[in-house]
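# Residue-level structural notes
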Amino acid sequence: MKLEAVPLSGAMGAEVCGADLRQIDDNTFAAIHAILLKYGMIFFRDQDITPSQQLNLARRWGEPHFHPYMPGLPDHPEIIEVVKNPEDNHTFGGNWHTDQMFTPTPAMGTMLYAKEVPATGGDTMFGNLYLAYESLSNGMKAAIGDLRTFNLYDKKKGRSAEMRGKLKQPEKPAEPAEHPLVRPHGETGRPVLYISYERITRHIVGMTEEESLPLLDYLRRHSTRPEFTCRLRWTPGTLAFWDNRCVQHMALNDYHGQRRVMHRITLRGERTS
């Protein structure tokens, strides 16, 4: 296959053209992975793949990560079906975050495949956490370089009735996780501003939530500046893969009255130090 990477924005993201994801050899996958490391998020249009084929592709990146609170499809438990029905108000993933940051071993990457999309709306925003860190002043880099954050999943936040019904053990307390605020990428070694929204990244270790709030709020606003982001418009058959080690994302909730169905796989990452 002859691949072409078409950048989506000046900050990050690229469409990979010329690939049939049903038949990827080792050389083609190596080229795709190199594009991912360069752009952080990649996507492919007009792919017609089965859950088994999606899972086989994901396994080229590593071991699928089972979500600790959300079950998967009956025949493919590694795949979570993310559904927003016309009457639902809440959008799954509707805040800036990196996947499974609330666990000690966060997801390395996420693969999302569009099964059904609204006529308009339902896009996903992505943010480059390399750029978020690199654009900080030297003084701020020095101030946050050794800080760690306390992260916890909020199991009681609003969800659609369908997604609430899929929640495993809703009354079991979630387990917390600590991560470095500045995290080196596992393959490139480049430092990343590693942060999620306030219901995940709760406070700085050794500080109260009140003491942590001004700094974390500033870093959250800084990390989502428009010049660090790109926006993906979904069409049926679009498959995206992003690197959670250097990318955050947010699903937009602008399609009330329409249905959206996505198949998601996350890949197990490395424990943060």
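To be clear, the structure that these remarks concern was listed above.
The sections below set out a description of the structure shown in this document.

Cut-offs and rules
- Residues numbered from 1 in each chain as written.
- Predicted model: local features only at pLDDT ≥ 70, side-chain atom pairs only at ≥ 80, totals over all residues.
- Heavy atoms only, no water.
- Helix = DSSP H or I, 4+ residues; strand = E, 2+ residues; numbered from the N terminus.
- Rg over C-alpha atoms; globule rule 2.2 N^0.38 Å.
- Buried < 20%, exposed > 50% of the residue type's maximum accessible area, 1.4 Å probe, protein only.
- Contact = heavy atoms within 4.5 Å.
- Areas by Shrake-Rupley, 256 points an atom, 1.4 Å probe, with all protein chains shown as cover.
- Lys, Arg positive; Asp, Glu negative; His and termini not counted.
- Charge placed at Lys NZ, Arg CZ, Asp CG, Glu CD.
- Pairing = 2+ DSSP bridges.
- Axes fitted to C-alpha atoms, helices over the stretch in contact; angles between N-to-C directions.

### Re the overall build of the chain
Per the secondary structure count, the chain includes 6 helices and 16 strands. Taking 19 Å as the expected radius of gyration for a compact globule of 273 residues, we find that the chain reaches 18 Å, a close match to that expectation. The dimensions of the chain, computed from C-alpha atoms along their principal axes, are 50 × 40 × 35 Å. The burial tally for the chain puts 54% of its 273 residues in the buried class. A sequence separation of at least 24 residues applies to 84% of the contacts in the chain between residues at least 6 apart. Accessible surface, the chain as shown: approximately 12,100 Å² in total, 50% of it carbon and sulfur. Each charge class in the chain can be summarised by its mean position, and for the 33 positive and 33 negative side chains these summaries are 1 Å apart.

### Concerning the sheet that holds strand 9 (residues 177–180)
The strand order across the open sheet formed by 3 strands is 9-8-12, and the pairing between neighbours is antiparallel. Where the open sheet ends on each side, the last strands, each with one partner, are strand 9 and strand 12 (201–204). Across the sheet, the mean angle separating the axes of adjacent strands is 35° when strand polarity is ignored. When strand 8 (residues 148–151) meets strand 9, the two strands line up antiparallel, connected through 4 bridges. Each residue of the ladder has a partner; that of Thr 149, found in strand 9, is His 179. Against the sheet, helix 6 (residues 209–223) contacts strand 8 and strand 12, and its axis sits at roughly 115° relative to strand 12.

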